[in-house]
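Residue-level listing of the chains:
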Amino acid sequence: MTSLAEQAAWDELLDGLATAVIWVDSQQKVGYMNIAAAELLQVSTKRIVGVPWKILLPGLVDDLTSFGEQRLTIHEYQVQLPDLQRLRISCTFSNYEHNGQDGWLVELFNTERHHRIVEEDERWHQYEAGNLLVKTLAHEVKNPLAGIYGATQLLQKRFQQDTKALSFLDVIAKEVQRLKNLVDSMLGPRQSAQKELHNIHEVIRHVLGVTKPEFPPNVQLMLDYDPSIPEILMDFEAMIQALMNLIKNAMQAMEKHGGLMTIRTRVERKFTLGTHTFPLVAVVSIHDEGEGIPKEVFDSIFYPMVSSKKEGTGLGLPVAQNIVRQHGGLIVAESEPGHTVFHIYLPFDRGEA
């Protein structure tokens, strides 16, 4: 038997590990959990002792006695955390005797960061390639549109007395102007000459002040802020546009069945965006319980003219992505029916990358 002093020393040692460790007793209940595991699963180490381990990791293994003395490793297991975020982890089960009692040692490895870096790198390159193509085409279209509009104005002056001709020319002028506005939207906002320090919560407050009257009665709003987030160097007006596009999308996704929209702000440390690792990154997450983004268009949602809505222009997300990219950040999405989240990553200081 291990003495109390020895047990306390072992517990202190395990609590110092970065690896998440759980010990499950012979009754398949949690007998011990180190701090890393508690932080990973967002639970209290004291309250979780004595609770069946399946409550923590549902659907992972039916019965721990089924694999005998062998070590079992399960990859790509997804667990939903108390804050509704989903986490991909790898789990290793081993028979382990603790303090004279048979049980199992469970080691948890967070693989979400690896997957996120791979996915973001792929999306980063996709976005850059698509954005370059679209901007090239938009510039090519914009030049002849300007010529058509100029010629139309000259014809309007020449046929001022011809009502019928003027009516046709007005149609041409309006349609050319509409196409010009569409092309400008595809090109996105111009790079701001100067950015200033602003609180991201002030941006959210401003956007909600504009959009809240449009919220359907069956859509509820929850704000989950980290008040310690420092100010970020940004173009205030452009960032308002980016957030407005995302919040309106979330609102429209829940018009039919309703639900809860959650806007969450957090700070991540040592965060990788593209090829750069930043000391600190602000994360704004917009979660909705709408119908979700169809799988067939999900990989293309940040390309212009791609939309899952019948009345959608397919420009809201590309414009938002372009604005965030101009701030050195990135927008990443995850979606399934009833759970769609857009994460906006904004580095605090691009110079420290």
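Heads up: the structure comes first, above all this text.
Small disclaimer: the values here were computed from a predicted structure and weren't measured.

The next subject is the overall build of the protein. What the protein contains, in helices and strands, is 10 helices and 12 strands. Evaluated residue by residue, the protein yields a buried proportion of 42% over its 353 residues. By element, 54% of the accessible surface of the protein is carried by carbon and sulfur atoms, the whole surface being about 19700 Å².

With that settled, the discussion passes to the packing of helix 8 (residues 236–253) against helix 10 (residues 316–326). In the contact formed by helix 8 and helix 10, the axes pass within 9 Å of each other and the chain directions differ by 145 degrees. Read as a crossing pair, helix 8 and helix 10 show a hand that is left-handed. From helix 8, Ala238, Met239, Gln241, Ala242, Asn245, Leu246 and Asn249 reach across to helix 10, where they touch Gly316, Leu317, Val319, Ala320, Ile323 and Val324. When its residues are assigned to classes, the contact of helix 8 with helix 10 shows nine nonpolar, four polar and no charged.

Enumeration over the complete set of coordinates arrives at three salt bridges. The salt bridge involving arginine 205 is made with glutamate 202; its shortest N-O contact spans 3.2 Å. With arginine 205 and glutamate 202 both in helix 7 (residues 200–211), this residue pair falls three residues apart, about one helical turn. On the accessibility criterion, glutamate 202 (38% relative accessible area) is partly exposed. Put simply, arginine 264 and aspartate 224 hold a salt bridge, and the shortest N to O gap is 3.1 Å. Of the two residues, arginine 264 is situated in strand 9 (residues 259–273) and aspartate 224 in strand 7 (residues 219–224); the sequence distance between them amounts to 40 residues. Under the relative-accessibility criterion, arginine 264 is labelled buried at 9%. Judged by its relative accessible area of 22%, aspartate 224 is partly exposed.

In space, the five strands of this open sheet follow the order 7-9-10-12-11, with mixed pairing throughout. Edge positions in the sheet fall to strand 7 and strand 11 (330–336), since each of these pairs with one other strand and no more. Strand-to-strand twist in this sheet, taken as the mean axis angle between neighbours without regard to direction, amounts to 20 degrees. Across eight bridges, the pairing between strand 10 (residues 276–288) and strand 12 (residues 339–347) is antiparallel.

For the rest of this paragraph, the subject is the side chain of asparagine 34. Examined against the element boundaries, asparagine 34 turns out to sit in the loop between strand 2 (30–33) and helix 2 (35–41). In this structure the side chain of asparagine 34 is engaged in a polar contact, spanning 3.0 Å, whose partner is the backbone nitrogen of alanine 37.

All right, on to the environment of leucine 346 then. Within the element layout of this structure, leucine 346 appears in strand 12. Beyond its immediate stretch of four places on either side in the chain, leucine 346 contacts Ile200, Ile232, Met239, Val281, Ala282, Val324 and His327.

A large share of helix 10 lies buried, amounting to 10 of its 11 residues. Turning to helix 10, its buried residues number three or more, namely Leu317, Pro318, Val319, Ala320, Gln321, Asn322, Ile323, Val324, Arg325 and Gln326. One or two positions beyond helix 10, positive phi appears at glycine 328, with a value near 80 degrees.

Parameters and conventions
Residues numbered from 1 in each chain as written. Predicted model: local features only at pLDDT ≥ 70, side-chain atom pairs only at ≥ 80, totals over all residues. Heavy atoms only, no water. Helix = DSSP H or I, 4+ residues; strand = E, 2+ residues; numbered from the N terminus. Buried < 20%, exposed > 50% of the residue type's maximum accessible area, 1.4 Å probe, protein only. Areas by Shrake-Rupley, 256 points an atom, 1.4 Å probe, with all protein chains shown as cover. Axes fitted to C-alpha atoms, helices over the stretch in contact; angles between N-to-C directions. Left-handed = near helix turned anticlockwise from the far one by under 90°. Contact = heavy atoms within 4.5 Å. Nonpolar A, V, L, I, M, F, W, Y, C, P; charged D, E, K, R; others polar. Salt bridge = Lys/Arg side-chain N within 4 Å of Asp/Glu carboxyl O. Pairing = 2+ DSSP bridges. Polar contact = N/O pair within 3.5 Å; in protein donor to acceptor, adjacent residues only side chain to side chain.

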